Amino acid sequence: MLQTTSTLTPVSTKPHSKTSGGCASSSCGSPTTEIQDQKLQERIAKHPCYSEEAHHHYARMHVAVAPACNIQCNYCNRKYDCANESRPGVVSELLTPEEAAHKVLVIAGKIPQMTVLGIAGPGDPLANPEKTFRTFELIADKAPDIKLCLSTNGLMLPDYVDRIKQLNVDHVTITINMVDPKVGEKIYPWVHYGRKRYRGIEGVKILHERQMEGLQALKEADILCKVNSVMIPGINDEHLVEVDEVIRSKGAFLHNIMPLISAPEHGTHFGLTGQRGPTPKELKNLQDNCSGNMKMMRHCRQCRADAVGLLGEDRSQEFTKDKFMEMAPEYDLDKRQEVHAGIEEFKAELKAAKAKKAAEKKAKTGPKILVAVATKGGSLVNQHFGHAKEFQIFEVDGNEAKFVGHRKVDHYCQSGYGEEATLEHIIQSIADCKGVLASKIGHCPQDELRKAGVEPFEAYDVIDKVALDFYEQYLQKLKA
Ligand code: CLF
Ligand code: SF4
């Protein structure tokens, strides 16, 4: 039986055999392009945000060292973490660079599949350059295999690209919500730049120019740039198609369109004025409209500024300051490399198993359906329905299962008992799916799911394999 890598023990998926055949991509491009592509793949292979595949196996952590911010977004109030990367309403514990470095060394030992350290708040990292760069220096010195990552609103980026390059920070995110200042006026009331506060369109123009300049500078420095955009219905939703075109033409590697999360209790301008966020369907439609070259991020979890773990399983509460300061750093490069080699071997076996399954299904492409998957990671259906805090959503057409997003839910099994109200909410969240795939599903939820037209399907195996098996059963039922 397959096990999950979230236990840190990748296991063999034998007896799956390796397949050959299909389009040998080596014959499709020039050797130079292939080498470039391969190098690019190596750069992102262990980054859970830049590689959808990696997010099933590798973890990230954030350290909250950057409290100040230099702009105002209408979806933020300063009581919470920067909403450009984080779920609104979350407060992280602020750390000094030294405390942050200690925390990283502790977690690098306890969670060896943690490969990326990001600084994403609680304010803007580049509005706190000394704290941010000091933290990176300490970690680069003591834990050289950890990738460094940064997320910024972009206002100060052009000033720091050289320093970012020097420190070997290879991944930078800029939040770009508009390329037309008239749209930006509805999102940013002010911008603080060069010791002066600029209100309205004057400030937005500065922000826009600095973001474009920063993006260009990252490209010239060969630093991989992801762009985050917050989708705000009625304000920038249609405009984001243009944003997508502009940022791609300027060399952004990946676009991550995130939903606005807005509630009055967050105390933000949008929360208090009733601005709604998009529905999952609206978000998916926009992502589909923008995904011409396939580099659209759909697995973002809008993490906290102190997030720890796989993207779908935040473990930050295990490492609060009172706890991690009592723990000894256990960073061990050899042990980490051994764990990573095991994960890579496991990924190769998964890939072979997927290819084999896809080859068996060839020419059986049919209507596209969505399925919801309960998983603890490792690209496996390996979680009990009642324990899932989110469902990963896959689009299946008989040939492949493509990850298209996730839905957060409250888990159904609370203290060993199912909660009816929670079940209703879960079913609503996945009502557009034809099936739900989980390692186990209780009788009561099975009945309710069926009533809602969502077929329960129990299995413990590779997600693609289970999804394609389910699809086959689904088609047979349709024909019956
Ligand atoms: Fe953190 Fe951001 Fe780096 Fe990832 S998060 S700084 S790029 S290491 Fe990732 Fe979290 Fe989404 Fe950010 S899932 S909010 S995209
Ligand atoms: Fe808040 Fe981040 Fe915007 Fe600053 S950049 S106002 S911290 S959401």
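No experiment lies behind these values; they were computed from the predicted model shown.

Colleague: Honestly, the overall build of the protein chain in this entry has me stumped. Any pointers?
Modeller: Scanning the protein chain from N- to C-terminus turns up 14 helices and 20 strands. Within the span of the protein chain, comprising 480 residues, buried residues form 55% of the whole. Taking the intrachain contacts of the protein chain between residues at least 6 apart in sequence as the baseline, contacts between residues at least 24 apart amount to 72%. Of the accessible surface of the protein chain, which amounts to about 21100 Å², a share of 50% is contributed by carbon and sulfur atoms.

Colleague: Teacher, can you tell me more about the pattern of salt bridges here?
Modeller: A pair can form between side chains of opposite charge whenever their charged atoms are brought close. Tallied over the full model, the rule gives 27 salt bridges. Across the salt bridge formed by Asp306 and Arg304, the nearest N and O atoms sit 2.7 Å from each other. Through salt bridges with shared partners, a single ionic network connects Glu98, Glu130, Arg134, Glu137 and Arg163.

Colleague: Please clarify how the site of ligand 1 should be interpreted in this entry.
Modeller: By nearness alone, 15 residues border ligand 1, and Cys49, His62, Glu85, Cys149 and Cys303 come closest of all. In terms of residue class, the shell around ligand 1 is made up of seven nonpolar, five polar and three charged.

Colleague: Could you clarify how one ought to interpret the sheet that holds strand β12 (residues 369-373) in this entry?
Modeller: Each strand in a sheet pairs with its neighbour through backbone hydrogen bonds, running either in the same direction (parallel) or in the opposite one (antiparallel). In space, the five strands of this open sheet follow the order β15-β14-β12-β18-β19, with mixed pairing throughout. The sheet is open, and its two borders are formed by β15 (401-408) and β19 (455-458), each paired with just one other strand. Adjacent strand axes in the sheet meet at a mean angle of 25 degrees, parallel and antiparallel pairs treated alike. Pairing of β12 with strand β14 (residues 390-396) involves five bridges; the strand directions are antiparallel. When the bridges of β14 are listed, Val373 appears paired with Gln392. Here helix α14 (residues 463-479) sits on the sheet and contacts β12, β14, β15, β18 (435-438) and β19; the angle it forms with β19, its principal contact strand, is near 135 degrees.

Colleague: I'm lost on the packing of aromatic side chains in this one. Help?
Modeller: Two aromatic rings are characterised by how far apart their centres lie and by the angle between their planes. All chains considered together, the criterion is met by seven aromatic pairs. With 5.6 Å between their ring centres and 85 degrees between their planes, Phe394 and Phe403 make a pair best called edge-to-face. An identical accessibility class is assigned to Phe394 and Phe403; each is buried. Their ring planes at 75 degrees and their centres at 5.4 Å tell us that Phe457 and Phe470 sit as a pair that is edge-to-face. Taken together, the residues span a long stretch of sequence, with Phe457 in strand β19 and Phe470 in helix α14 at a distance of 13 residues. Both residues of the pair, Phe457 and Phe470, count as buried. Three or more aromatic residues link up through ring pairs in this structure, and these residues are Phe457, Phe470, Tyr471 and Tyr474. Above the face of the Trp190 ring, Arg197 is positioned so that its terminal group lies 3.8 Å from the ring centre.

Colleague: Mind showing me how you'd approach the sheet that holds strand β11 (residues 308-309) here?
Modeller: Read from one edge to the other, the open sheet built from eight strands follows the order β10-β9-β8-β5-β4-β3-β1-β11, with strand pairing classed as mixed. Where the open sheet ends on each side, the last strands, each with one partner, are β10 (296-297) and β11. Bridge analysis of strand β3 (residues 114-119) against strand β4 (residues 147-152) gives four bridges, and the strand direction is parallel. Pairing of Gly118 across the sheet is with Cys149, part of β4. With respect to the sheet, helix α6 (residues 200-220) is in contact with β5 (171-175) and β8 (224-231), its orientation differing from that of β5 by roughly 160 degrees.

The rules behind each value
- Residues numbered from 1 in each chain as written.
- Chains lettered and ligands numbered in written order.
- Predicted model: local features only at pLDDT ≥ 70, side-chain atom pairs only at ≥ 80, totals over all residues.
- Heavy atoms only, no water.
- Helix = DSSP H or I, 4+ residues; strand = E, 2+ residues; numbered from the N terminus.
- Buried < 20%, exposed > 50% of the residue type's maximum accessible area, 1.4 Å probe, protein only.
- Contact = heavy atoms within 4.5 Å.
- Areas by Shrake-Rupley, 256 points an atom, 1.4 Å probe, with all protein chains shown as cover.
- Salt bridge = Lys/Arg side-chain N within 4 Å of Asp/Glu carboxyl O.
- Near = heavy atom within 4 Å.
- Nonpolar A, V, L, I, M, F, W, Y, C, P; charged D, E, K, R; others polar.
- Pairing = 2+ DSSP bridges.
- Axes fitted to C-alpha atoms, helices over the stretch in contact; angles between N-to-C directions.
- Phe/Tyr/Trp six-rings, centres within 6.5 Å; stacked < 30°, edge-to-face > 60°.
- Lys NZ or Arg CZ within 6 Å of the ring centre and 35° of its normal.

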